[in-house]
Amino acid sequence: IRVSNVDKKIYPNKTLVKLCNYMDAYTHNYITNNIPYSIGSADANEIQRFGLKIDDVIITKDSETPEDIAVSTVVIEDLDNVVCGYHLAILRPDKKELDGRFLMLKLKEPELKRYFYSVVNGSTRYGLTIGNIEKAKITIPSLSTQRHIAHILSTIDAVIVKTQAAI
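For clarity, every value in this text was computed on a predicted model and none was experimentally measured. (Residues numbered from 1 in each chain as written. Predicted model: local features only at pLDDT ≥ 70, side-chain atom pairs only at ≥ 80, totals over all residues. Heavy atoms only, no water.)

### A closer look at the overall build of the protein chain
When helices and strands are counted, the protein chain shows six helices and ten strands. By the compact-globule yardstick of 15 Å for 167 residues, the protein chain fits well, its C-alpha radius of gyration being 16 Å. Dimensions of the protein chain along its principal axes, counting C-alpha atoms only, are 45 × 40 × 40 Å. Put simply, the protein chain has 167 residues, and 44% of those count as buried. For the protein chain, the proportion of contacts with a sequence separation of at least 24, taken over those separated by at least 6, is 76%. Roughly 9300 Å² of accessible area belongs to the protein chain as shown, and the carbon and sulfur atoms make up 55% of that amount. (Helix = DSSP H or I, 4+ residues; strand = E, 2+ residues; numbered from the N terminus. Rg over C-alpha atoms; globule rule 2.2 N^0.38 Å. Buried < 20%, exposed > 50% of the residue type's maximum accessible area, 1.4 Å probe, protein only. Contact = heavy atoms within 4.5 Å. Areas by Shrake-Rupley, 256 points an atom, 1.4 Å probe, with all protein chains shown as cover.)

This is how it looks when you write it as C-alpha cells:
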C-alpha cells in the first residue's frame, strides 16, 4: 500500500508527468492511456514510488463524504509516464497471489464498502489510514478463479460501455 503525496502543482526542479488524479480514479473502473490526464511534476523518487503499473489498484483515500472513500479502479495497460496523485492510495498486489482486476472488483462489494465507511476518520474531510486499508478482510479464491471472475465481469463492463455509447 502506497499513499501518494504527488499534487498537481508544477515545480521547476521536478520532471513533468501525467497525473492520475482523484477524479480519474473515481470515474473510471479501468485506468488506460486513453484518459486525458492532467500534467503535474514529480521527482525521481516519487516517479519510482508512485508510477503506475499494470494490475495496480488505486483507491480514493480521502474525500468530502465517507461514501466516496475506497472507490477502486485498476491499471489494465502499460502507461506512458503516469503517476498516481494526491488523495489516492496504490494497492500493488503480488501477481503470484492476487489479480488486480479481481481486487478492484472485490473492493466494490457492499461488505467492504461498509467496512471502509465504518473506519473512515474525519468530520469535514474524511480519510483512511494505511492501517485501515491493511485490516480490510478480503477472501480470495485461487488465482485462476480470480482471473476467470475478473475476465467475465470486465467483459460485461465492456458490453455495458458499448451499449451506453450506442444509446
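The rest of the description comes next.
### Quick notes on the sheet that holds strand β9 (residues 88-91)
Judged by pairing direction, the sheet is mixed, and its five strands sit side by side in the order β1-β9-β5-β7-β3 without closing on themselves. At either margin of the open sheet sits one strand with a lone partner, and together these are β1 (2-3) and β3 (30-31). Pairing geometry for β1 and β9, over two bridges, is antiparallel. From the neighbouring strand, Arg-2 faces β9, where its bridge partner is Ile-90. (Pairing = 2+ DSSP bridges.)

### Looking at the side chain of Ser-72
With respect to the helices and strands, the residue Ser-72 is situated in strand β7 (residues 72-75). One polar contact links the side chain of Ser-72 to the main-chain carbonyl oxygen of Met-104, over a distance of 2.8 Å. Discounting residues that sit within four places of it in the chain, Ser-72 has contacts with His-28, Asn-29, Val-57, Ile-58, Ile-59, Met-104, Leu-107 and Lys-108. (Polar contact = N/O pair within 3.5 Å; in protein donor to acceptor, adjacent residues only side chain to side chain.)

### Digging into helix α6 (residues 143-166)
Note: α-helices contain 3.6 residues per turn, so residues at a spacing of three or four share the same orientation. For α6, spanning 24 residues, the distance from its first C-alpha to its last is 34 Å, which sits close to the expected 34 Å at 1.5 Å a residue. Among the residues making up α6, those that are buried are Leu-143, Gln-146, Ala-150, Ser-154 and Asp-157. Contacts made by the buried residues of α6 are with β3 and α3 (100-106). (Expected span 1.5 Å × (residues − 1).)

### Digging into the layout of surface pockets
Estimated volume of the largest pocket: approximately 350 Å³. In terms of lining residues, the largest pocket is bounded by 15 residues, among which Asn-29, Tyr-30, Asp-157, Ala-158 and Val-161 are the most central. At six residues, α6 tops the list of elements feeding residues into the lining of the largest pocket. Considered class by class, the residues forming the lining of the largest pocket number six nonpolar, six polar and three charged. In this structure, the second largest pocket occupies an estimated 260 Å³ of space. Taken together, 13 residues line the second largest pocket, and the ones lying closest to its centre are Leu-91, Leu-98, Leu-103, Ile-133 and Ile-138. Each residue belonging to the lining of the second largest pocket can be placed in one class, and the counts come to eleven nonpolar, no polar and two charged. (1 Å grid on protein atoms, 1.4 Å probe; cavity = no way out; pocket = protein on both sides within 12 Å on 5 of 7 lines; lining within 4 Å. Points joined across faces, edges and corners; volume = space filled by probe spheres on them. Nonpolar A, V, L, I, M, F, W, Y, C, P; charged D, E, K, R; others polar.)

### Examining a nonpolar patch on the surface
On the surface, Ile-149, Ile-152, Leu-153, Ile-156 and Ile-160 cluster together to form a nonpolar patch covering roughly 370 Å² of accessible area. On the secondary structure map, Ile-156 appears in helix α6. According to the relative accessible area criterion, Ile-156 is partly exposed, its value standing at 41%. (Patch = residues over 30% accessible without salt bridge, like charges linked within 9 Å, V, L, I, M, F, W, Y side chains within 5 Å. Salt bridge = Lys/Arg side-chain N within 4 Å of Asp/Glu carboxyl O.)

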